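Residue-level structure breakdown
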Amino acid sequence: MTITHRAELLNLIAYSNSYRTYLEIGVRNPQSTYNRICCDQKTGVDPAPQMPCTYMMTSDEFFNTVQPHLSVRYDLVFIDGLHEAHQVYQDTENALANLSSNGTIVLHDCNPTQKEHQTTKRKPGQKHWTGDTWKAFALLRMTRPDLEMFTVNADWGLGVIRLGKQKVFPTSMPIDEMDYDFLCNNRLELMNLIECENVNKSLLRASRSTFFNTLIYRMRGTTGVLGRASKRIGQYMKRK
Ligand SMILES: C[S@@+](CC[C@H](N)C(=O)[O-])C[C@H]1O[C@@H](n2cnc3c(N)ncnc32)[C@H](O)[C@@H]1O
């Protein structure tokens, strides 16, 4: 399988999970990605898009003032707004808080291949630039065993995040101490980098793990047969 544009991965994820609700943080030109996503109910957030989108405001304003009044949970969230690590981390936390239990978050620009591409601010006239989004993904890889995460090596790195489980990256480090050498020395494991031909396998494993975790979560606290079954499934998933 080849993936040349983020919309292809987003649609593959939407299609294989029968997703209905889509949120895009940072739309710019909707023709590029937003309009191409096949979901029934779509929401776009951008303070300065090239064409009008659903909410013309920053992601923080959206999550703090609008989202609390909406009853929707998102199946698929694409985070491609302000490419500064702390903001991307905040957007991801907010997306997780409003994600459906079987939902998926995708972060754009998680795999810069040159040091000068991943500066926090874009330099005037700079053609290739990813911001330091990768640091937000890396922090979650270090600190969140309750997530399933991998980065598809396509379109500057598409970071996929779902509820599930992962073996966290063993070193913990604040965002402000991460540098490009750290990424280069640990890229495969830190970003859990996979090639396009392995995408289907990883998506399948991720949805299986999310399914079992949701099941265990729902059954936890129940007594009798259900409680015992959830304990067994939990032990089985830990062994895998
Ligand atoms: C890289 S572009 C988005 C590209 C688009 N998602 C695509 O696939 O073509 C980044 C967009 O994020 C928007 N943006 C900047 N700061 C933002 C914020 N705090 N919240 C949401 N969007 C923001 C910018 O206005 C810009 O349009």
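Residues numbered from 1 in each chain as written. Predicted model: local features only at pLDDT ≥ 70, side-chain atom pairs only at ≥ 80, totals over all residues.

**Details of the overall build of the protein**
So the rule is basically this: Numbering of helices and strands runs from the N terminus, with a helix taken as a DSSP run of H or I at least four residues long and a strand as a DSSP run of E at least two residues long. The exposure scheme places C-beta atoms from the backbone and then counts, for each residue, the other C-beta atoms within 10 Å of its own, assigning buried at 20 or more, exposed at 12 or fewer, and partly exposed in between. We call two residues in contact when the distance between their C-beta atoms, placed using the backbone, is within 7 Å.
Check the secondary structure of the protein and you find 7 helices and 7 strands. The proportion of buried residues among the 240 residues of the protein is 39%. Across the protein, contacts joining residues at least 24 apart in sequence account for 60% of those joining residues at least 6 apart.

**Notes on the site of the ligand**
Threshold: Nearness is defined per residue: the C-beta atom, placed using the backbone, must lie within 6 Å of the molecule or strand. Nonpolar residues are Ala, Val, Leu, Ile, Met, Phe, Trp, Tyr, Cys and Pro. Charged residues are Asp, Glu, Lys and Arg, and all others, Gly as well, are polar.
Looking at the ligand, there are 18 residues lining it, with Gly26, Arg28, Ser32, Thr33 and Gly81 nearest. Grouping the constituent residues of the shell around the ligand by class yields 7 nonpolar, 6 polar and 5 charged.

**Here's the deal with helix H4 (residues 133–143)**
Judged by how many residues are buried, H4 sits mostly within the fold: 9 of 11 residues are covered. Taken together, the buried positions of H4 are Thr133, Trp134, Lys135, Ala136, Phe137, Ala138, Leu139, Leu140 and Arg141.

**Regarding the environment of glycine 164**
Among the secondary structure elements, glycine 164 is positioned in the loop between strand S6 (158–163) and helix H5 (180–190). For glycine 164, a count of 21 C-beta atoms within 10 Å gives the class buried. The spatial distance from the C-alpha of glycine 164 to the C-alpha of arginine 144 is 9.8 Å, given a sequence separation of 20 residues.

**Regarding the nonpolar core**
If you look at soluble globular proteins, the nonpolar side chains tend to sit buried side by side. In plain terms, the rule: Here, a nonpolar core means buried Ala, Val, Leu, Ile, Met, Phe, Trp, Tyr and Cys residues linked by C-beta atoms lying within 7 Å of one another.
Residues Leu10, Leu76, Val77, Ile79, Ile105, Val106 and Phe137 are the most contacted members of the largest nonpolar core, which totals 52 residues. The leading source of residues in this core is H4, at 6 residues. If sequence neighbours within four positions are ignored, phenylalanine 137 has contacts with Leu107, Cys110, Thr151, Gly159 and Met191.

**Here's the deal with the environment of asparagine 186**
Positionally, asparagine 186 belongs in helix H5. Its 16 C-beta neighbours within 10 Å are what place asparagine 186 among the partly exposed residues. Between the C-alpha atom of asparagine 186 and that of phenylalanine 169, which follows or precedes it by 17 residues, the distance is 9.5 Å.

**Digging into unusual backbone geometry**
Phi is positive for arginine 28, close to 50°, though the residue is something other than glycine. Checked against the element boundaries, arginine 28 lands in the loop between strand S1 (21–25) and strand S2 (41–45). For arginine 28, a count of 18 C-beta atoms within 10 Å translates into the label partly exposed.

**Thoughts on the sheet that holds strand S3 (residues 74–79)**
Strand pairing in a sheet is mediated by backbone hydrogen bonds. Such pairs are either parallel or antiparallel. Keep this limit in mind: Strands were regarded as paired on the criterion that DSSP finds at least two bridges between them. Fitting a line to C-alpha atoms yields each axis, with helices limited to the stretch in contact; the angle taken between N-to-C directions then spans 0 to 180 degrees.
Strand order in the open sheet made by the 7 strands is S2-S1-S3-S4-S6-S5-S7, with mixed pairing throughout. Each having just a single partner strand, S2 and strand S7 (193–194) make up the two edges of the open sheet. Two strands pair when backbone bridges link them, and strand S5 (residues 147–152) and S6 are joined in this way by 6 bridges, in the antiparallel orientation. By the bridge assignment for S6, methionine 149 is matched with isoleucine 161. Running over the sheet, helix H3 (residues 85–97) touches S1, S3, strand S4 (99–107) and S6 and is turned about 160° from S4.

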